[in-house]
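For reference, the chains in residue letters:
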Amino acid sequence: MKLVKVKDYQEMSKKAAQIIMDQVKTKPDAVLGMATGETVIGTYEYIVKNFKQELLSFKQVSTVNLDEYIGVKRSHPTSYYYFMNEKLFKYIDIPHDHVHIPNGSGTDLQAECEEYEGIIERLGGVDLQLLGIGHNGHIGFNEPGTPFQTRTHIVKLAESTRDANARFFKTREEVPTHAITMGIETITKSRKILLLVSGKEKAPIMERLINGEVEECVPASILKLHPSVTIIADEDALSMLENDCVKVLTHD
Ligand code: GLP
């Protein structure tokens, strides 16, 4: 696990965008795993800003998103489908049929999960998966206690996750109770993983992730066993860690 310590959200976003753009430059038909949430918004903004200057094209790129709420229409502003379109896809030249996001408003959600795994397989797997982390250590929507071997599945959201995500909805009641998410095994099959962490409120989970064991009650801890994980974290997110510990993990 490589830990890159940066000053703040802006620097994190810039570095992350560069890594994603470099991936597309080296492999124009790369498969990118995308994430949602406040953490990644800045990264998408940098990509959009640099898209034209960098003479970058996403025409051959395919994307697969981590997760989607169940019961929220794609056209609704709180859906992850809407988020991805508003924050990234509508500004770049990626073909519409290269974009994959689980459909949480379909009629057969179990079939949707299986189909999603099939899509990832047919694309040849994910080259670079972008991740954020929940306060409770979740990745995608894999809540604490999810077995590490899970593939794309339906989850009941933890009440703490619903609280954390209530800021995107008009009322707490509107926050969906369930979601479809790539499983932990699906995520860790990605060839490279880029985890972004920013802000003081993520400091306790960063401390637990770095100093703790690999255990299912901290889903992100599985990343310690992956051969190619880069964490970009800002000073606030690392504020509960001893400096020495950060140095040991930092190679950049
Ligand atoms: C959400 C998403 C995750 C995201 C996480 C952190 O629930 N399902 O994919 O990484 O929570 O979100 P934020 O970046 O807003 O803190």
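Let me begin by describing the structure that accompanies this report. Here the structure is a predicted model, which is why all the values come from computation and not from measurement.

1. With respect to the packing of helix 1 (residues 9-26) against helix 2 (residues 38-53)
Piece 1. At a minimum axis separation of 8 Å, helix 1 and helix 2 run at an interaxial angle of 60 degrees. Taken together, helix 1 and helix 2 sit at an angle that is classed as oblique. For the crossing formed where helix 1 meets helix 2, the hand is right-handed. From helix 1, Tyr9, Gln10, Met12, Ser13, Lys14, Ala16, Ala17, Ile20 and Met21 reach across to helix 2, where they touch Glu38, Thr39, Val40, Ile41, Gly42, Thr43, Tyr46, Ile47 and Asn50.
Piece 2. Residue composition of the contact of helix 1 with helix 2, grouped by class: 10 nonpolar, 6 polar and 2 charged.

2. Some remarks on helix 2
Piece 1. Along helix 2, the positions that sit buried rather than exposed are Thr39, Val40, Ile41, Gly42, Thr43, Tyr44, Tyr46, Ile47, Asn50 and Phe51.
Piece 2. Residues of helix 2 that are buried in the fold lie against helix 1, strand 2 (31-34), helix 3 (80-87), strand 6 (128-131) and strand 9 (192-197).
Piece 3. Positive backbone phi, at 50 degrees, marks Leu55, one or two positions downstream of helix 2.

3. A closer look at the sheet that holds strand 4 (residues 67-69)
Piece 1. The antiparallel open sheet is built from 3 strands, whose spatial order is 4-8-7. Two strands lie at the open edges of the sheet, namely strand 4 and strand 7 (153-156), each paired on one side alone. Along the sheet, successive strands turn relative to each other by an average axial angle of 25 degrees, direction set aside.
Piece 2. Here helix 4 (residues 109-122) sits on the sheet and contacts strand 7 and strand 8 (178-181); the angle it forms with strand 7, its principal contact strand, is near 125 degrees.

4. Description of the pairing of strand 8
Piece 1. Where strand 4 meets strand 8, 3 bridges bridge the pair, whose relative direction is antiparallel. Bridge pairing links Tyr69 to Ala179 in strand 8.

5. Digging into the site of the ligand
Piece 1. Close to the ligand lie 15 residues; Glu38, Thr39, Asp67, Arg167 and Lys202 are nearest.
Piece 2. Separating an oxygen atom of the ligand from a side-chain N or O atom of Thr39 is a distance of 2.4 Å.
Piece 3. At 2.6 Å from an oxygen atom of the ligand is found a side-chain nitrogen or oxygen belonging to Arg167.
Piece 4. Computed on the free molecule, the ligand has an accessible area of 390 Å², of which 95% lies beneath the protein chains in the complex.
Piece 5. The residue inventory of the shell around the ligand, partitioned by class, reads 4 nonpolar, 7 polar and 4 charged.

6. Notes on the pattern of salt bridges
Side-chain pairing between opposite charges can occur once the charged atoms of the two side chains come close.
Piece 1. By the definition in use, this model includes 13 salt bridges.
Piece 2. The partner of Arg151 in a salt bridge is Glu121, and the shortest N-O contact between them spans 3.6 Å. Remark: Glu121 occurs in helix 4 and Arg151 occurs in the loop between strand 6 and strand 7; sequence separation between them is 30 residues.
Piece 3. Accessibility expressed as a relative area gives 36% for Arg151, which makes it partly exposed.
Piece 4. For Glu159, the salt bridge goes to Arg162, with nearest N and O atoms at 3.1 Å. Residue Glu159 and its partner Arg162 are both found in helix 5 (residues 159-165); the two are separated by 3 residues, about one turn of the helix.
Piece 5. For Glu159, a relative accessible area of 39% corresponds to the partly exposed category.
Piece 6. Residues joined in a network through salt bridges with shared partners are Glu159, Arg162, Asp163 and Arg172.

7. What to know about the nonpolar core
Piece 1. Judged by nonpolar contacts, the single largest core of 66 residues is most densely connected at Leu32, Tyr44, Phe58, Phe89, Met206 and Ile231.
Piece 2. In contact with Ile231, other than residues within four places in its own chain, are Met1, Lys2, Leu3, Val4, Leu195, Val197, Met206, Leu209 and Ile210.
Piece 3. Core analysis: the second largest hydrophobic core is formed by 10 residues, Tyr69, Val72, Tyr80 and Phe141 among them.

So, how was this worked out
- Residues numbered from 1 in each chain as written.
- Predicted model: local features only at pLDDT ≥ 70, side-chain atom pairs only at ≥ 80, totals over all residues.
- Heavy atoms only, no water.
- Axes fitted to C-alpha atoms, helices over the stretch in contact; angles between N-to-C directions.
- Helix = DSSP H or I, 4+ residues; strand = E, 2+ residues; numbered from the N terminus.
- Parallel < 35°, antiparallel > 145°, perpendicular 65-115°, else oblique.
- Left-handed = near helix turned anticlockwise from the far one by under 90°.
- Contact = heavy atoms within 4.5 Å.
- Nonpolar A, V, L, I, M, F, W, Y, C, P; charged D, E, K, R; others polar.
- Buried < 20%, exposed > 50% of the residue type's maximum accessible area, 1.4 Å probe, protein only.
- Pairing = 2+ DSSP bridges.
- Near = heavy atom within 4 Å.
- Polar contact = N/O pair within 3.5 Å; in protein donor to acceptor, adjacent residues only side chain to side chain.
- Areas by Shrake-Rupley, 256 points an atom, 1.4 Å probe, with all protein chains shown as cover.
- Salt bridge = Lys/Arg side-chain N within 4 Å of Asp/Glu carboxyl O.
- Core = buried A, V, L, I, M, F, W, Y, C linked by side-chain atoms within 4.5 Å.

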